[in-house]
Amino acid sequence: MSTRSALIEASGLRVSLGGRPVLQGVDFSVGPEEIVTIVGPNGSGKSTLLRTMIGAVRPEAGHVRRQAGLRLGYVPQKLALDPTLPLDVMRFLSLPRRISAAERRRALEDAGAGQLGDRPLAGLSGGQLQRVVLARALLERPQVLLLDEPTQGLDQPGSAAFYRQIEHIRSRLGCAVVMVSHELHVVMSASDRVVCLNGHVCCEGRPEAVAQAAEYRALFGTGTNGALALYRHEHSHVHDPGCSHDHHPHSHARTEPATAAEGR
Amino acid sequence: MLDDFLVRAALAGLGLSLAAAPLGCFVAWRRMAYFGDATAHAAILGVALSLAFALPISLGTMVVALLMALTVGALSERGLAMDTLLGVMAHSALAFGLVAVTFVDGVRLDLTAYLFGDILAVTRDDLAVIWGGAAAVIALLAWRWQALLTSTVSPDLAWASGIDPRREQRILTLALALAVAVAIKVVGALLVSAMLLIPAAAARPFARSPETMVLLTALIGALSALGGLWGAYLFDTPAGPSMVCAAAIFFAVTASLRRVMG
């Protein structure tokens, strides 16, 4: 990624939260229409990196440069909603910019939440809320869409469908996508670039290169090449809606017997 | 018409409830009740300083309330435990204020007026301050409405939309200090946060959107002010506390109605 075309570019980031160092010497950038996935174990600073890029966390060292006037769409892992605030889905979509009702309904349809418009935000399930927040992010006409663990509440076929939807959104809006995920195999097939994070950038590159990197294996792999096999297989079937994989043995009926390295 | 003290009192109560409605909603939504307490209690210190330096009371209370709110805000950003900190600040400000007032020479001061308000003694000038302050609070919150709501739902979503939630917090702080200055004559320093919080809490069960909640809060606040005044006249009770009692009764009624209606 050349510096000139980067939409967001962070360099030499050092971030501490509550006195605990979270990120150290992190360089990160995302270019137009690129899908970048950040993977890493729990507590590796994935969410913090995302929050630093939107400006919510101030780095102690290093800097984040966003292209002037860059529009961001951000979908956090969860929203802490106070039940004293009466807010339904349609009203939420008009924050902070007021948007016509027709446009809001269309965004809900696009995000697969068409029937939720009149429901109070606080009464939605985790998965429903995430779709609604995604709809709001799309209404910002983002140039970069940042998603924090977007498939958290979904089962494996649901996640696979979600990632296909993200690819679709990317090609329709022409936006870049930065995703945080722990679902290594599924997510990698949809990514242009994978960044493996553990307080610092362990390795990054094309998905197949990262999957083979020693640093990645040390974090996630169990030494078998199962993850890679599964990854290759999924990549060739990525547009087949019936082909969903998870690590339970019974769902591998249609695949070659790959032992998924779910080393978390 | 303004010659009648009851009319002036009613107008003062209405002015306060209008300003308190949007502000009280934010205090409820953002869980700032204790924050409101600390700011309001600091007003007593403001009264002492105003008397010592011969400044208008409303100016002194507003400045000290603002300083208090900014201090608490700055300390909380450094991650000190908010609940304890606010408790310490609220009660220390009150105690220092009460002590400081006794050092002011030449005034045999009846502190009750500042602690619990003295709405029946509201003058035309007081009315001008109250309605001017109320208009300023409403204008401020209306101007920042969308950004304030966004930062209330989620500071991170605000950041991503190019809104600095810390700035919105400061605007709310400023509005709160203004409201305290307005309210001290009406309900007094001890009951300011009650008039902010209780009408909003009473409105919540029947509100469907942030905007309807503000309107309902204003209505309930106005009815509480008028009802409290009427009760105070009828039973010869203190006016400020009577207004808070009326609001509390509204809260009990709407909360149980909601429960009955499911």
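The model shown is predicted, which means the values in this text are computed figures rather than measured ones.

A. Representation of the nonpolar core in the model. With 150 residues, the main nonpolar core has Phe28, Phe92, Val132 and Val144 of chain A as its most contacted residues. Ranked by the residues each element gives to this core, the list is headed by helix 1 (residues 5-29) of chain B, at 13 residues. Structurally, this core is a two-domain feature, drawing no fewer than three residues from each of domain 1 (1-71 + 143-216) and domain 2 (80-141) of chain A.

B. Seen up close, the sheet that holds strand 9 (residues 201-205) of chain A. All names here are of chain A. Pairing is mixed across the open sheet formed by 6 strands, whose spatial order is 5-6-7-3-8-9. Across the chains shown, the open sheet's two edge strands, defined by having one partner strand only, are strand 5 (72-75) and strand 9. The mean inter-strand angle of the sheet, taken between neighbouring strand axes irrespective of direction, is 15°. Where strand 3 (residues 35-39) lies against strand 7 (residues 176-181), 5 bridges are found, and the strand directions are parallel. Within strand 7, the position partnered with Thr37 by the bridge is Met179. Of the strands in this sheet, strand 3, strand 5, strand 6 (144-148), strand 7 and strand 8 (193-197) are in contact with helix 1 (residues 46-54), which crosses strand 6 at around 150°. Each of strand 5 and strand 6 is contacted by helix 4 (residues 126-139), which is oriented at about 175° to strand 5, the strand it contacts most.

C. How the structure looks around the pattern of salt bridges. Considering all chains together, one arrives at 14 salt bridges over all chains under this definition. We note a salt bridge from Asp164 of chain B to Arg166 of chain B, for which the minimum N-O separation is 3.2 Å. Where Glu168 of chain B meets Arg167 of chain B, a salt bridge forms, and the shortest distance between an N and an O atom there is 3.7 Å. The partly exposed category is assigned to Arg167 of chain B, whose relative accessible area is 36%. By sharing partners, the salt bridges in this structure join Glu34, Arg193 and Glu204 of chain A into a single network.

D. Layout of the side chain of Gln130 of chain A. Relative to the helices and strands, Gln130 of chain A resides in helix 4. Exposure remark for Gln130 of chain A: the relative accessible area of 10% places this residue in the buried category.

E. A look at the domain arrangement of chain A. Residue and element names in this part refer to chain A. By the assigned domains, chain A splits into domain 1 (1-71 + 143-216) and domain 2 (80-141). Centre-to-centre separation of domain 1 and domain 2, based on C-alpha positions: 24 Å. Domain 1 puts 13 residues into the contact, and the matching count from domain 2 is 10 residues. Both sides of the domain 1 and domain 2 interface together cover about 920 Å² of buried area, and 52% of this is carbon and sulfur. When the buried area of domain 1 at its contact with domain 2 is split by residue, Arg71, Leu145 and Gln165 rank highest and sum to 39% of it. There are 1 salt bridge connecting domain 1 and domain 2. Two residues, Asp110 and Arg172, come together in a salt bridge whose shortest N-O distance is 3.2 Å. Applying the counting criterion to the domain 1 and domain 2 interface returns 4 residue pairs in polar contact (both at pLDDT 80 or more). Going through the elements one at a time, strand 6 and helix 5 (156-173) are the ones with two or more residues in the side of domain 1 that touches domain 2. A total of 5 residues in the side of domain 1 that touches domain 2 trace back to one element, the largest contributor, which is helix 5. For the side of domain 1 that touches domain 2, the per-class residue count stands at 6 nonpolar, 3 polar and 4 charged.

F. Highlighting the packing of aromatic side chains. Residue and element names in this part refer to chain B. One pass over the structure, following the stated rule, counts 4 aromatic pairs over all chains. Aromatic side chains Phe26 and Trp145 sit 5.3 Å apart centroid to centroid with 65° between the ring planes, which places their arrangement in the edge-to-face category. You can see Phe26 sitting in helix 1 and its partner Trp145 sitting in helix 7 (residues 145-153), a full 119 residues away along the chain. With a relative accessible area of 0%, Phe26 lands in the buried category.

G. Molecular detail of the interface of chain B and chain A. Facing the 23 residues of chain B at the interface are 27 residues of chain A. For the pairing of chain B and chain A, the buried interface totals around 2,100 Å² over both sides, and the portion due to carbon and sulfur atoms is 56%. By the criterion of area lost to chain A, the three top residues of chain B are Gln146, Val153 and Leu157 of chain B, representing 29% of everything that side buries. The shortest N-O distance in the salt bridge between Glu211 of chain B and Arg91 of chain A comes to 2.6 Å. One can count 13 residue pairs in polar contact (both at pLDDT 80 or more) joining chain B with chain A. The set of elements that each furnish at least two residues to the side of chain B that touches chain A consists of helix 1, helix 7, helix 8 (155-160) and helix 11 (210-235) of chain B. Take the side of chain B that touches chain A: its biggest share by element is 5 residues, from helix 7 of chain B. Grouping the constituent residues of the side of chain B that touches chain A by class yields 12 nonpolar, 5 polar and 6 charged.

H. A look at the UniProt feature "transmembrane region" (unreviewed entry) in chain B. Residue and element names in this part refer to chain B. Under the UniProt annotation, the feature "transmembrane region" (unreviewed entry) is placed at residues 6-29, 41-68, 88-107, 127-145, 171-201, 213-233 and 239-257. Annotated as residues 6-29, this span is 100% helix and 0% strand, and its ends, taken at the C-alpha atoms, are 34 Å apart. Taken end to end, residues 213-233 has its terminal C-alpha atoms 30 Å apart, with 100% of it in helix and 0% in strand.

I. Region of the structure containing the sheet that holds strand 4 (residues 61-66) of chain A. All names here are of chain A. Across the sheet, 3 strands lie side by side as 2-1-4; this open sheet has antiparallel pairing. Two strands bound the open sheet, and with one partner strand each, they are strand 2 (20-30) and strand 4. Mean inter-strand twist for the sheet, computed between neighbouring axes without regard to direction, equals 25°. Across 5 bridges, the pairing between strand 1 (residues 8-17) and strand 4 is antiparallel. Opposite Ser11, over in strand 4, you have His63 as the bridge partner. Contacting strand 1, strand 2 and strand 4, helix 1 runs over the sheet at an angle of about 60° to strand 2.

Rules used throughout
Residues numbered from 1 in each chain as written. Chains lettered and ligands numbered in written order. Predicted model: local features only at pLDDT ≥ 70, side-chain atom pairs only at ≥ 80, totals over all residues. Heavy atoms only, no water. Core = buried A, V, L, I, M, F, W, Y, C linked by side-chain atoms within 4.5 Å. Buried < 20%, exposed > 50% of the residue type's maximum accessible area, 1.4 Å probe, protein only. Helix = DSSP H or I, 4+ residues; strand = E, 2+ residues; numbered from the N terminus. Domains from an automatic or database assignment. Pairing = 2+ DSSP bridges. Axes fitted to C-alpha atoms, helices over the stretch in contact; angles between N-to-C directions. Contact = heavy atoms within 4.5 Å. Salt bridge = Lys/Arg side-chain N within 4 Å of Asp/Glu carboxyl O. Buried area = accessible area lost by both parts, 1.4 Å probe. Polar contact = N/O pair within 3.5 Å; in protein donor to acceptor, adjacent residues only side chain to side chain. Nonpolar A, V, L, I, M, F, W, Y, C, P; charged D, E, K, R; others polar. Phe/Tyr/Trp six-rings, centres within 6.5 Å; stacked < 30°, edge-to-face > 60°. UniProt positions renumbered as here; feature names shortened; annotations may be inferred.

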